[in-house]
Amino acid sequence: MSQIFILLEGDELSSAGAELAIFGSRAGSVTAVICSNNPEALVASAATLPVERVIVLTGIDFAKSSLRSVSSVLAELVKRDSPAALLVASSARGKEIAARVAVRTESGIVTDAIDVNAALEATQSIFGGSYTVSSRVTHGTSIVTMRSHCVEVTTTTSSPAVEYFDGAGYVDTQVTITSSEPAQKSARPSLAEASIVVSGGRGTDGKFELIEEFADLIGAAVGASRPVIDSGWYPHAYQVGQTGKTVSPQCYIACGISGAIQHKAGMQTAKTIIAINKDPEAPFFEIADFGIVGDLFTVLQSAIAALK
Amino acid sequence: MKIAVLIKQVPDSWAEKKMGSDGLLDRAGVDAVLNDNDEYAIETALQLVEARAAGDTVTAISMGPERTTDAIRKALSMGVDGAVHICDDALAGSDALATSKVLAAAISQGEFDLVLCGMEATDSRMGVIPAMVSERLDWPQLTFASEVVIQDSTIHITRSTESGVDRMNAQLPAVVSVVEKIFEPRYPSFKGIMAAKKKEIAMKSLSDLGLTPMDAWTKVLTSTPKPPKAAGVKIVDDGSGGEKLVAFLKERKLI
Ligand SMILES: Cc1cc2nc3c(=O)[nH]c(=O)nc-3n(C[C@H](O)[C@H](O)[C@H](O)COP(=O)(O)OP(=O)(O)OC[C@H]3O[C@@H](n4cnc5c(N)ncnc54)[C@H](O)[C@@H]3O)c2cc1C
Ligand SMILES: Nc1ncnc2c1ncn2[C@@H]1O[C@H](COP(=O)(O)O)[C@@H](O)[C@H]1O
């Protein structure tokens, strides 16, 4: 059976990481390469997923060394074991690691896949969701970066063999990291991980209190359109769209957002789309599964009341 | 300081994009513009040489078909000094691996201290070229910069991504990509547009770079336009909109 590598980083298993194992197990026997300063939690999590082997990297301080350290060791392991595929989460960092491994191992790369099958054919949704493309790598290891929320994770019990690999010789000396502030862990889920996103646009006039309250009641993340960011009403990290984040949650609720093509480019793959807008002609209604023509503040207020 | 800015011409983001029968983007059918993320890289380059010490130059490097000249002219009219345009029929259908190889070869032909890129091209949306170019040149990678400061031969950046905010530095030469909050790009002035007409664009083919044609290492198997979405439910709020919203979420088992 062919070998599939997946990359797991951080101190605990993310939903994106778990999904890589599920996708990988469709195509072969999964090896999880673990890059963490506290690998125990990830090793334990791997045993709840269809993973047959873990390779724990040692000798690297992952908090202090650049992503080139990870890409260099990963490339070495790919050269050593020649897996059929390497699956990595489609974050900015994940894509850059995958890109460097692709160059080093002379392998083709597909980014932002939403699905991958047993034959390693990857599906992408491109041009703001207007086309679905299936493609495959034709040279080297199939390197595919996967968007999150694309497959359901069912846990199993596995007993992966644990190997250690000394990465000390691969630590990047080109880049020095002088400080590192991980994204704040708020009680609210992050845009990347949330299964529901509630976004506000110019129609909020900068008043996000009701959006936040509603989001918290349903366990959603908060997002925003570009004018909201440009006006300084909400931090840049929350911008959804072509020049912001791309999200594909189970459900996207747009409040006071018109539905410009550049905004839709960042959310059109959401499974269910809801729009609240006082303009019955707002383009968002064209793609909404459920549209409410009305004032967003009134609607949210009564939704909050209904939830309470 | 000699700065290279990597710029790409892309279909206008306002346009409907279509796939051709060959599984490639049908570029002929849509207006093409300078990738807006690259304008931030151009602005960063121009600001870094604002004081204009002797020998400071900013060169745009772009790989693309003939009409890429339009995007290059825009960069020149913003204040970029000159450009290298890699144009060769054998490059049609290049993947990121081939593109990064060509760009790295073009960079190696100049004596650059710094390569600036946009964080992502709005057509491919891959965001991998800067990392690949860095890997190929074996120059430090400092990407997703929201701040760039150069002191002597050290470059310091603030990297802003969804994972958090990191401060990092490296020795020049380096490959840097910038995010859009770094600077507001300037508009070309009339004087800039006139001056751009006289600036030199060096045309290069693959063989000028010492390269031979490369196959793409990915193959598109199928591409299907998304079926038009069945119209959803649209209601007018009569006071019960909020309740109906909650009911809808429950019915779809979203909450
Ligand atoms: C190159 C480029 C890149 C871009 N990138 C992005 C991007 O990444 N993300 C992004 O979002 N945009 C992006 N844009 C901007 C995009 O084109 C739109 O301008 C933007 O998305 C509009 O935001 P909006 O819908 O919030 O504002 P508007 O278009 O002004 O819409 C506001 C909406 O709110 C409604 N409204 C007002 N008051 C209320 C109320 N009380 N209750 C209910 N509804 C109300 C109005 O009817 C209107 O439909 C980009 C543009 C360009 C040119
Ligand atoms: N064909 C190209 N010519 C010059 N620069 C490019 C080209 N393709 C990508 N780039 C640069 O790489 C960045 C990221 O592109 P991408 O990885 O395709 O999303 C862009 O913002 C440009 O700075």
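What counts, and where the lines are drawn
- Residues numbered from 1 in each chain as written.
- Chains lettered and ligands numbered in written order.
- Predicted model: local features only at pLDDT ≥ 70, side-chain atom pairs only at ≥ 80, totals over all residues.
- Heavy atoms only, no water.
- Pairing = 2+ DSSP bridges.
- Helix = DSSP H or I, 4+ residues; strand = E, 2+ residues; numbered from the N terminus.
- Axes fitted to C-alpha atoms, helices over the stretch in contact; angles between N-to-C directions.
- Contact = heavy atoms within 4.5 Å.
- Buried < 20%, exposed > 50% of the residue type's maximum accessible area, 1.4 Å probe, protein only.
- Buried area = accessible area lost by both parts, 1.4 Å probe.
- Salt bridge = Lys/Arg side-chain N within 4 Å of Asp/Glu carboxyl O.
- Polar contact = N/O pair within 3.5 Å; in protein donor to acceptor, adjacent residues only side chain to side chain.

Participant: Honestly, the sheet that holds strand β14 (residues 272–277) of chain A in this entry has me stumped. Any pointers?
Facilitator: As a general point, the strands of a sheet are linked pairwise by backbone hydrogen bonds and lie either parallel or antiparallel. In space, the six strands of this open sheet follow the order β12(A)-β11(A)-β13(A)-β14(A)-β15(A)-β13(B), with parallel pairing throughout. Both edges of this open sheet fall to β12 (221–224) of chain A together with β13 (233–236) of chain B, since each of them pairs with a single strand only. The sheet shows a mean angle of 15° between the axes of neighbouring strands, taken without regard to direction. Alignment of strand β13 (residues 251–255) of chain A against β14(A), held across five bridges, turns out to be parallel. Its bridge partner being in β14(A), A:Ile253 is matched across the sheet by A:Ile274. Of the strands in this sheet, β13, β14 and β15 (290–293) of chain A touch helix α9 (residues 296–307) of chain A, which is tilted by about 125° from β14(A).

Participant: Is there a simple way to think about the environment of A:Ile253 in this case?
Facilitator: Assignment of secondary structure puts A:Ile253 in strand β13. Assessed through its relative accessible area of 0%, A:Ile253 is described here as buried. With near-sequence residues (within four places) excluded, A:Ile253 lies in contact with A:Ile196, A:Val197, A:Val198, A:Ser199, A:Phe214, A:Ile218, A:Ile274, A:Ile276 and B:Leu249.

Participant: I'm lost on the interface of chain A and chain B in this one. Help?
Facilitator: One frequent convention defines the size of an interface as the accessible area lost when the parts assemble. Across the contact, 84 residues belong to chain A and 76 residues belong to chain B. In total, chain A and chain B occlude about 6800 Å² of area from one another, counting both sides; carbon and sulfur atoms represent 57% of this. Summed over the shared surface of chain A and chain B, the number is five salt bridges. Ionic pairing is found between B:Asp138 and A:Arg68, a salt bridge with its closest N-O pair at 3.1 Å. Applying the counting rule to chain A against chain B returns 32 residue pairs in polar contact (both at pLDDT 80 or more). Take the side of chain A that touches chain B: its biggest share by element is nine residues, from helix α4 (residues 92–105) of chain A. Two elements, strand β10 (residues 175–182) of chain A and strand β9 (residues 164–171) of chain B, share seven bridges in a ladder whose sense is antiparallel. Paired with A:Ile177 across the two strands is B:Met168, which belongs to β9(B).

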